[in-house]
Amino acid sequence: MEEKMSWTVPDAVDYKGCPADRSTTGGWVPAALILGIEICERLSTMGIAVNLVTYLGGVMHVPSAASANTVTDFMGTSFLLCLLGGFLADSFLGRSKTIVIFAIIQTMGTAALALSTKLRQFRPPPCHYAELNNCKQASGFQMGSLYIALYLIALGTGGLKSSVSGFGTDQFDENNEKEKAQRAFFFNRFFFFISLGTLMAVTILVYIQDNVDRSLGYGLCSVAMIVAILIFFSGRKRYRYKKSVGSPIVIIFQVIAAAIIKRKMKLPCSIESLYEDSPETSRIHHTDQFRFLDKAAVVAEGDFDKSCPNSAPNPWKLCSVTRVEEVKMMARLLPIWATTIIFWTTYAQMLTFSVQQASTMDRYMGNFLIPAGSLTVFFVSAILITLAFNDRVIMPLWKKWKGTPGLSSLQSIAVGLVLSTIGMGAAALVEMKRLSVANDVGRNTPVLPISVFWLIPQFFLVGSGEAFIYTGQLDFFITQSPKGMKTMSTGLFLTTLSLGFFVSSFLVSVVKKVTGTGEGHGWLADNINFGRLDFFYDLLAILSAINFVIFIICAIWYKPQKAKPVVEMNNMLNNNHAEEKC
């Protein structure tokens, strides 16, 4: 019997609902099948995002600022919908069903996008560069059709990203030393596959869109997603499934509601007098931060059903200390969460204005014309190079110097924020150079005699910054959150990406309104050769520098949850009447 139990994973089941057999379920093979669907998701989303601004401007005749906002709103919504996907997965559907449902939705979205870019009635009549000011913009019907396709894709992306990483880690048992080590490698490979999918998108897919047929490029995304879904289904019998345990959002609201209801009550002078019903091994050590939440654990009349003395209390009136501390742990994450949003605002510029810059510059490499959207290959290359350099150089040297295996999560985030700030400064300098060339040869010149490779520094610096900040954020939000709130914490991390894109849209709208003129000029002109994009980059560099200072203050304030000291049962019994003695 003991031998049989050793071959089963205690908290997972197989596709039949029986305890999962360790020898026939889980491990790298099913995890690889799950990673396959993540590659196709990145291929679709990034293949659309990095080249969408050129389609909006060149085909739909949307002004540059509005084009940038459309892209950032699309990406922001994609990541914001991760919260919806995570809620459905945790509370109702489970991760496997969530992945399948939202993968089908994303496939429908890419198919609709391919159709809208293929049929002439979905786009305005073409015009030449010299006639840009007189081009007929896309109608409401044409833009509406495009938005329906884009936001179907955003919905699919949100559902997928909320569950893919979690379902992948479900294939490894954290209670088994061998599988626990494999699980650590899974996170590294997960981020690598995200970058690999992005690399394929900004090279092969963008080239097909610009030089063969845009609708064919989007159609290939649909085909790739269909293949990925079939491959995902092929591993159905080998996956390990974990039951939904309910949404942690409810727990948070219960603690807040109980604390508000008892806001006028006084806290007992002894911590041991607060209510606790969690098992000894899973209790969390009490902390002094956010003391007002402790009132949720104060026992009051009416918390228990008098007709049934042994019943559990009403969770909306009385919560255990452990539940309160879980909410405190999430609250302590918020300042760090808030100060990482600005990075993703700078990141958004690599998908919008930097691509617009590239479209006006000399993009020939010999006889080969580099698509403007493919310039982000330097961004992805920077991520891969930085990850390799960090793994092979920084981590070993740091271990010899400090005795730790590498930078802490907060240190990694700090490095990412510094690199992005420098990147925006470099972008401003390059834009000054590009505008000076435009002044010399004429602002209406469609292709300026300045090499597109001048943009490499800003792509490389912000890309290196992402390598540090993405891994740092993922590590921080997973390791510093309660065990039962890991999925929600991951969703919280992904909302920084969402809000970063929305902040970018907000800044663009404000700058456009404040600096714009009746002729469509200003910092963010309809034709960027007539604008001052360098001033906008300077603004982002200044905001990033201020944000970095605030981040350092928040990092110093942050106090990680300490390990809970072992409390003997007799000590608990001796303190039962602590409040009366006080």
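Residues numbered from 1 in each chain as written. Predicted model: local features only at pLDDT ≥ 70, side-chain atom pairs only at ≥ 80, totals over all residues. Heavy atoms only, no water.

The name given to the chain in an unreviewed UniProt entry is Major facilitator superfamily protein, and the organism recorded there is Heracleum sosnowskyi.

Considering the overall build of the chain
Our working rule: Numbering goes from the N terminus for both helices and strands, where a helix is a DSSP run of H or I of at least four residues and a strand is a run of E of at least two. Here the radius of gyration uses the C-alpha set of atoms, whereas the globule reference equals 2.2 Å times the residue count to the power 0.38. Any two residues whose heavy atoms approach within 4.5 Å are treated as being in contact. Throughout, the Shrake-Rupley method with a 1.4 Å probe supplies accessible areas, and for residues the shown protein chains are the sole cover considered. Neither His nor the chain ends contribute to the count of charged residues, in which Lys and Arg are positive and Asp and Glu negative. For the purpose of locating charges, the reference atoms are NZ of Lys, CZ of Arg, CG of Asp and CD of Glu.
A tally of regular secondary structure across the chain gives 19 helices and six strands. Relative to the 2.2 N^0.38 estimate, which gives 25 Å for 582 residues, the radius of gyration of the chain is 27 Å and therefore close to what a compact globule would have. Expressed as lengths along the three principal axes of its C-alpha atoms, the size of the chain is roughly 85 × 55 × 50 Å. Of the contacts formed within the chain by residues at least 6 apart in sequence, a portion of 81% connects residues at least 24 apart. Of the roughly 26,800 Å² of accessible surface on the chain, a fraction of 65% belongs to carbon and sulfur atoms. Across the chain, 51 positive and 41 negative side-chain charges occur, with their mean positions spaced 2 Å apart.

As for helix H2 (residues 28-58)
Our working definition: By this rule, a helix spans an expected 1.5 Å times one less than how many residues it contains. Values of bend correspond, residue by residue, to the angle between axes fitted over the seven residues ending at that residue and the seven starting there. With a 1.4 Å probe rolled over the protein chains alone, any residue whose accessible area is under 20% of its type maximum counts as buried; one over 50% counts as exposed, and the rest are partly exposed.
Its 31 residues place the ends of H2 44 Å apart at the C-alpha level, agreeing with the 45 Å of an ideal helix rising 1.5 Å per residue. The principal kink in H2, of about 50°, is found at asparagine 51. When you tally the buried positions in H2, you get 23 out of 31 residues, the bulk of the element.

Structural notes on the nonpolar core
Just so we agree on the cut-off: To define a nonpolar core, start from buried Ala, Val, Leu, Ile, Met, Phe, Trp, Tyr and Cys residues and group those joined through side-chain atoms within 4.5 Å.
Among the nonpolar cores identified, the biggest contains 134 residues, and Ile37 and Phe536 are the most heavily contacted of them. By residue number, the principal contributor to this core is H2, which donates 14 residues.

A short note on the packing of aromatic side chains
For any two aromatic rings, the description comes down to two numbers: the centre-to-centre distance and the angle of the planes. Going by this rule: Each Phe, Tyr or Trp ring, with Trp reduced to its six-membered ring, pairs with another whose centre is within 6.5 Å; inter-plane angles below 30 degrees give stacked pairs, above 60 give edge-to-face pairs, and intermediate values give tilted ones.
Within the structure shown, the criterion is met by 23 aromatic pairs. When the ring of phenylalanine 167 is compared with that of phenylalanine 232, the centres are 6.0 Å apart and the planes differ by 55°; the resulting orientation is tilted. Placement of the pair is phenylalanine 167 in helix H6 (residues 140-169) and phenylalanine 232 in helix H8 (residues 214-234), with a sequence separation of 65 residues. As far as the burial class goes, phenylalanine 167 and phenylalanine 232 line up, both buried. Judged by centre distance (5.9 Å) and plane angle (40°), the ring pair of phenylalanine 167 and tyrosine 241 falls under tilted. Of this pair, phenylalanine 167 sits in helix H6 while tyrosine 241 sits in the loop between H8 and helix H9 (248-261), and the two are 74 residues apart along the sequence. The class of phenylalanine 167 is buried, set by a relative accessible area of 2%.

A closer look at the packing of helix H3 (residues 64-80) against helix H4 (residues 82-93)
Our working rule: Helix axes are fitted to C-alpha atoms over the stretch in contact, other axes to C-alpha atoms as well, and angles between N-to-C directions run from 0 to 180 degrees. Each angle gets one of four labels, with under 35 degrees taken as roughly parallel, over 145 as roughly antiparallel, 65 to 115 as roughly perpendicular, and the rest as oblique. When residues are sorted by character, Ala, Val, Leu, Ile, Met, Phe, Trp, Tyr, Cys and Pro go into the nonpolar class, Asp, Glu, Lys and Arg into the charged class, and all the rest, Gly among them, into the polar class.
Running from amino to carboxyl end, H3 crosses H4 at an angle of 20°, the nearest separation of the two axes being 4 Å. Between H3 and H4, the angle falls in the class roughly parallel. Residues Ser78, Phe79 and Leu80 of H3 form the contact with H4, whose participating residues are Cys82, Leu83 and Leu84. In the contact of H3 with H4, the residues fall into five nonpolar, one polar and no charged.

Observations regarding the pattern of salt bridges
Where we set the bar: What makes a salt bridge here is a side-chain nitrogen of Lys or Arg within 4 Å of a carboxyl oxygen of Asp or Glu, nothing more.
Within the structure shown, the criterion is met by 14 salt bridges. A salt bridge links arginine 42 to glutamate 41, with the nearest nitrogen and oxygen atoms 3.0 Å apart. Each member of the pair, arginine 42 as well as glutamate 41, is classed as buried.

Observations regarding helix H10 (residues 321-338)
Its 18 residues give H10 an end-to-end C-alpha distance of 26 Å, which sits within 8% of 26 Å, the value for a rise of 1.5 Å per residue. Of all 18 residues in H10, 14 are buried, a share of seventy percent or more.

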